[in-house]
Every structure is written in structure tokens, then in C-alpha cells.
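Coordinate inspection notes
The chain contents come next:
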Amino acid sequence: VAVVAVALQCYPVLFLGRSFASPNNGGHMLYEGWPTLPGDTDRMCSNTGSSDTGALLFQHLYYPMVQRDALLQGELPLWNRYSLSGEPLLGQGQSMFGDPFNFLTIAADGAAWAWDVRFSLARFILAAALGGIVWQLTRHLGAAVLTTIGAAFLGFFTYRLTHPANFSVCYSPLILLAWTGLLSAASPRRIMTWLLALVGANWLVLTSGTVKEAY
């Protein structure tokens with residue numbers, strides 16, 4: 001159900017060639033108007049209603065590239081030399097380096113398709129986790145299915161279209177899923193499994209790429 005619901009919600013990206021990481025999403029970057037890519041002739045731009053579409057385009061889009069360069073040279077990506085004449089990268093809470101899904105964008109050198117996979121996957125996690133929480137608490141399949149469908153169409157996605165806060169919000173139900181799993185854990189092995197899941201869920205949120213939202 002989560003796969004189908006998210007596919008419907010993300011259909012322009014999954015089936016119509018659009019992208020969450022498109023420069024036509026409303027970020028002027030360093031230019032006065034569109035198009036903002038050299039040689040591009042597509043002047044179409046989405047009206048994002050003053051949503052903060054610049055955060056991804058100005059900042060997070062390039063972090064995987066900086067991290068990839070450091071790793072290929074055998075270094076930890078401790079420093080970002082491209083911002084403010086140099087500033088900490090891992091130490092500022094937005095690098096996403098601890099997020100295992102971030103390694104997809106690192107491997108792809110920040111390619112737009114990798115970001116599209118990550119945004120879609122994050123929405124799947126949100127829908128599946130919220131449905132799982134309802135199922136763990138109620139064992140009512142209808143309620144779990146409706147929750148899963150509704151989660152894929154949160155109004156949050158309409159406004160925070162491409163903001164990295166998507167990842168913080170979408171990972172966060174995993175924390176509650178682990179807690180509800182602990183409620184029904186009937187053996188030491190299952191308790192340990194859900195405790196590890198709780199640690200992993202908190203780790204995902206803390207490394208999801210935002211400070212205000214995640215922390």
C-alpha cells in the first residue's frame with residue numbers, strides 16, 4: 001500500500017521526467033531569473049508559494065560531492081572549503097554523512113536521480129512506518145491501510161517540496177515504530193531487536209540533514 005500511495009504522490013518524478021532536484025523548482029540561485037543552467041532554454045518554473053526551495057539547491061545538493069571528493073582522497077569529510085571561505089562539514093549537523101541513504105548520493109556524485117530516489121524512499125518510509133505503528137497498536141488492518149495512504153499525501157509535502165526537512169520528518173515515525181514494537185516484545189531477543197531499531201531510528205533522524213527539525 002505504501003509503494004502504491006507514494007508512486008501516486010510522486011508520479012511527476014517517477015513517471016514524467018521531473019525531479020526534486022530541478023533548478024526549475026523555484027530557486028533563483030545566483031541569477032536574476034530563469035533558466036539558471038548554462039545553455040538551458042526551459043523557462044518553465046513551478047510556483048512554490050514562497051516555500052524554501054533554495055536549501056537543497058544552495059547547500060545540501062553539493063554536500064555529497066564534497067564528501068565523495070574527500071573519501072576518494074582517503075580523508076574524512078571534516079571540512080567544507082566551498083562555504084564562507086571554509087567551515088566545518090561534519091560538525092554543523094547538516095552534512096547527512098551518517099545517513100546510510102546519503103551514500104547513494106555520494107556514489108552518484110550528487111546526481112539528481114539519486115536525490116529523487118532518496119526523496120521517494122523517505123516518503124515510503126514515512127507511510128509504511130505510520131501504517132506499521134497503527135497496526136502494532138490496534139491490529140486493525142483497515143485503520144493501518146488508511147493511515148498509510150493518508151501519510152503519503154501530507155500537506156507538508158506540498159509546502160516543503162524539496163527541503164531537506166523531508167528526511168527528518170519522514171524518518172521520525174521509525175522512532176515511534178520501535179517504541180510500539182517494544183510494547184509487544186515477548187522475549188529478550190525481540191526486546192534487543194527493537195532496542196537496536198530504536199537506536200538506529202534516532203541515528204537516522206539525527207543525521208537526516210537538518211538541525212531545527214531533527215533535533
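Please refer to the structure placed before this passage.
All of these numbers come straight from a predicted model, not from anything done at the bench.

Summed over all chains, the structure comprises eight aromatic pairs. With centroids separated by 4.7 Å and ring planes inclined at 40°, the aromatic side chains of Phe-119 and Phe-167 adopt a geometry described as tilted. You can see Phe-119 sitting in helix α6 (residues 112–138) and its partner Phe-167 sitting in helix α9 (residues 165–171), a full 48 residues away along the chain. With a centroid separation of 5.8 Å and an interplanar angle of 70°, the aromatic rings of Phe-156 and Phe-157 are classed as edge-to-face. Judged by relative accessible area, Phe-156 falls into the partly exposed class, the value being 24%. Overall, Phe-157 belongs to the buried group, its relative accessible area being 2%. Three or more aromatic residues joined by ring pairs form one cluster here, namely Phe-20, Phe-101, Trp-115, Phe-119, Phe-167 and Tyr-171. The residue whose ring lies beneath Arg-118 is Phe-167, and the NZ or CZ to ring-centre distance is 4.7 Å. A cation over a ring is seen here: Arg-123 above Phe-157, with NZ or CZ 4.2 Å from the ring centre.

Positive phi outside glycine occurs at Met-96, with the angle close to 65°. With respect to the element layout, Met-96 can be found in the loop between β2 (87–88) and α5 (102–107). A relative accessible area of 3% places Met-96 in the buried class. The backbone of Asp-109 sits at a positive phi, close to 55°, despite the residue not being glycine. Relative to the elements of secondary structure, Asp-109 occurs in the loop between α5 and α6. Of the residues examined, Asp-109 reaches a relative accessible area of 36% and is grouped as partly exposed.

This part is about the environment of Asn-166. Its place among the elements puts Asn-166 in helix α9. Look at Asn-166 and you get buried, because its relative accessible area is 1%. In this structure, the C-alpha to C-alpha distance between Asn-166 and Ala-122, residues 44 residues apart in sequence, is 7.5 Å. Those residues in contact with Asn-166 that lie beyond four places of it in its chain are Phe-119, Arg-123, Phe-156, Phe-157, Arg-160 and Leu-161. A polar side-chain atom of Asn-166 sits 3.3 Å from a polar atom in the side chain of Arg-123.

Cut-offs used in this document
- Residues numbered from 1 in each chain as written.
- Predicted model: local features only at pLDDT ≥ 70, side-chain atom pairs only at ≥ 80, totals over all residues.
- Heavy atoms only, no water.
- Phe/Tyr/Trp six-rings, centres within 6.5 Å; stacked < 30°, edge-to-face > 60°.
- Helix = DSSP H or I, 4+ residues; strand = E, 2+ residues; numbered from the N terminus.
- Buried < 20%, exposed > 50% of the residue type's maximum accessible area, 1.4 Å probe, protein only.
- Lys NZ or Arg CZ within 6 Å of the ring centre and 35° of its normal.
- Contact = heavy atoms within 4.5 Å.
- Polar contact = N/O pair within 3.5 Å; in protein donor to acceptor, adjacent residues only side chain to side chain.

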